Amino acid sequence: MSKNRFWSWLPQLSRQVWILAVGRLLSQTGTGFTLFYAPIFFVNQVGLSSTAVGIALGSAQISGVIGRVFGGSCCDSPRFGRRWTLLLSAIISALSSFVLAFTSNFMMLILGNLLLGLGIGLYWPATETIVADLTTGKTRNEAYAITRLGDNIGLQVGIIMGGVVIATTGAYRLLFVLDGLSFLIFFVVIYLAIAETYQAPIISTDTESGQSSNSWMVALSDRTLLIYVAVNILFTFYMSQIHSTIPLYLNNFVKAELSSITISALFAGHTAIAILLLLPMSHILNPLSRPHALIVSAILWGIGFLITGLMGIVETGTLTLAILGLGILAIATVTYSPAASSLAANLAPDPLRGIYLAINSQCWAIGYLIGPPLGGLALDQTPEIISQFWLGLALSVLIAIAILQHLHKTMNHLNN
């Protein structure tokens, strides 16, 4: 009986959504190998400065912008569609991982990250559009939560396995090889198990290139979408700090030394909290409007950044603060991701779904273009400036809340 109640509690979603979630789990396992260890490796072992590594990590967003534009147009194209866009992203991402595995200087690091950005740029519009195609407004938030759950479980497994590899062998480069292999496995899963979800619009149009150009103009003239884009860039900037700045900050700048094993355990715990709370938080916040759910997330981001700043000031209790701070940031992440994707999908007209979700994904490109270089630059400064950096991030959530309130009013006005 309890087993039946458990299965009935899970969202009733298309089989394709579950398969996509499994594929994303496999892909993100490889990403977990490198995501939190790459800044530490390239600074402490390759010998690059924090600023140089931040610039290189941020450079991925340059090609990411191009990839998202191309990916959004391909997703909405009858010649290419969602599935082949996703397959192309897996191949390019695998290639980038193998380049990074052999990186020994700044230029190779730039090349690897440019390829990575292109692969990620193609990936997000395709995978988010497939989820939107297979769901309706009522189930969409939970479907995005399920696919994010796959991401988070994969990251958790990757972080743990990556920590074991580093602790036992110190072979950082092996992590990038494993990352590349995970993308190839993801390619196989998508090729064998995911069908094309694109459906051509009923109304005939002009040439495909002209239609694509006009579609982008229509999307970029949507005032509600642009308000959402403004606040979503802030959220993705916040996310970039978890993946680039905080690992190096914990490793090099907190007053109490934290070993690589401890840092691995902290981020494993961060991801574990995200896994455990993603579906429950999705259920809890579902009655709220999507802008109000994002306001909850913004408040949590502010608290998390305040605690992160305290880690570099206090003499004792650093580990406790790190556990608390990363835990709150994990909850902030799981309240943000499904709500943001669902909001963007709900704003999109069906024929422009790929382009709208590509614009949503461009927010990640911009946030990650700005975030790692700015975080790396802050970490190359004095302890006082580093502390002010985290305080500034915490105060910036007030801007996010103001924009979200305006977005809520705008959407209510359009619906009424």
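Described below are features of the structure shown in this document. Source: prediction; values computed, not measured.

Procedures and definitions
Residues numbered from 1 in each chain as written. Predicted model: local features only at pLDDT ≥ 70, side-chain atom pairs only at ≥ 80, totals over all residues. Heavy atoms only, no water. Helix = DSSP H or I, 4+ residues; strand = E, 2+ residues; numbered from the N terminus. Rg over C-alpha atoms; globule rule 2.2 N^0.38 Å. Buried < 20%, exposed > 50% of the residue type's maximum accessible area, 1.4 Å probe, protein only. Contact = heavy atoms within 4.5 Å. Areas by Shrake-Rupley, 256 points an atom, 1.4 Å probe, with all protein chains shown as cover. Lys, Arg positive; Asp, Glu negative; His and termini not counted. Charge placed at Lys NZ, Arg CZ, Asp CG, Glu CD. Expected span 1.5 Å × (residues − 1). Polar contact = N/O pair within 3.5 Å; in protein donor to acceptor, adjacent residues only side chain to side chain. Salt bridge = Lys/Arg side-chain N within 4 Å of Asp/Glu carboxyl O. Axes fitted to C-alpha atoms, helices over the stretch in contact; angles between N-to-C directions. Left-handed = near helix turned anticlockwise from the far one by under 90°. Nonpolar A, V, L, I, M, F, W, Y, C, P; charged D, E, K, R; others polar. Bend = angle between axes of the 7 residues up to and from the residue. Core = buried A, V, L, I, M, F, W, Y, C linked by side-chain atoms within 4.5 Å.

1. A look at the overall build of the protein
Helix and strand counts for the protein stand at 15 helices and 0 strands. Expected size for 416 residues packed as a compact globule is a radius of gyration near 22 Å; at 21 Å, the protein falls within 12% of this value. Taken over the C-alpha atoms alone, the protein extends approximately 65 × 50 × 45 Å along its principal axes. Split into buried and exposed, the 416 residues of the protein put 58% on the buried side. Taking all contacts inside the protein whose residues are at least 6 apart in sequence as the whole, residues at least 24 apart take part in 86%. Per element, the accessible surface of the protein, about 16,900 Å² overall, is 70% carbon and sulfur. Distance between charge centres in the protein, computed from 17 positive and 15 negative side chains, equals 9 Å.

2. Brief notes about helix H6 (residues 106-133)
The first and last C-alpha atoms of H6 sit 41 Å apart over 28 residues, in line with the 40 Å expected at 1.5 Å per residue. Burial analysis of H6 places 20 of its 28 residues in the buried class, the great majority of the element. With a side-chain oxygen positioned 3.2 Å from the backbone nitrogen of Met107, the residue opening H6 is Asn105.

3. What about the pattern of salt bridges?
Considering all chains together, one arrives at 6 salt bridges under this definition. With its nearest N and O atoms 3.1 Å apart, the salt bridge here joins Arg82 to Asp76. No difference in accessibility class separates Arg82 from Asp76, as the two residues are buried.

4. Let's talk about the packing of helix H4 (residues 50-75) against H6
Axis separation between H4 and H6 bottoms out at 6 Å; the angle between their running directions is 35 degrees. In this structure, the crossing between H4 and H6 has a hand that is right-handed. A per-class count over the contact of H4 with H6 returns 19 nonpolar, 10 polar and 1 charged.

5. Thoughts on helix H10 (residues 223-252)
For H10, with 30 residues, the first-to-last C-alpha span of 43 Å sits near the 44 Å given by 1.5 Å per residue. At Thr245, H10 shows its strongest bend, of approximately 45 degrees, with the proline Pro247 following within four residues. Burial analysis of H10 places 23 of its 30 residues in the buried class, which makes it a mostly covered element. With a side-chain oxygen lying 3.1 Å from the backbone nitrogen of Thr224, the N-terminal cap of H10 falls on Asp222.

6. A look at the nonpolar core
Among the nonpolar cores identified, the biggest contains 121 residues, and Phe235, Leu250, Phe267 and Trp301 are the most heavily contacted of them. The greatest single-element share of this core, amounting to 15 residues, is contributed by helix H13 (residues 318-347). Sequence-distant contacts of Leu250, that is, excluding residues within four places in its chain, are made with Leu258, Ile263, Leu266, Phe267, Met311 and Leu326.

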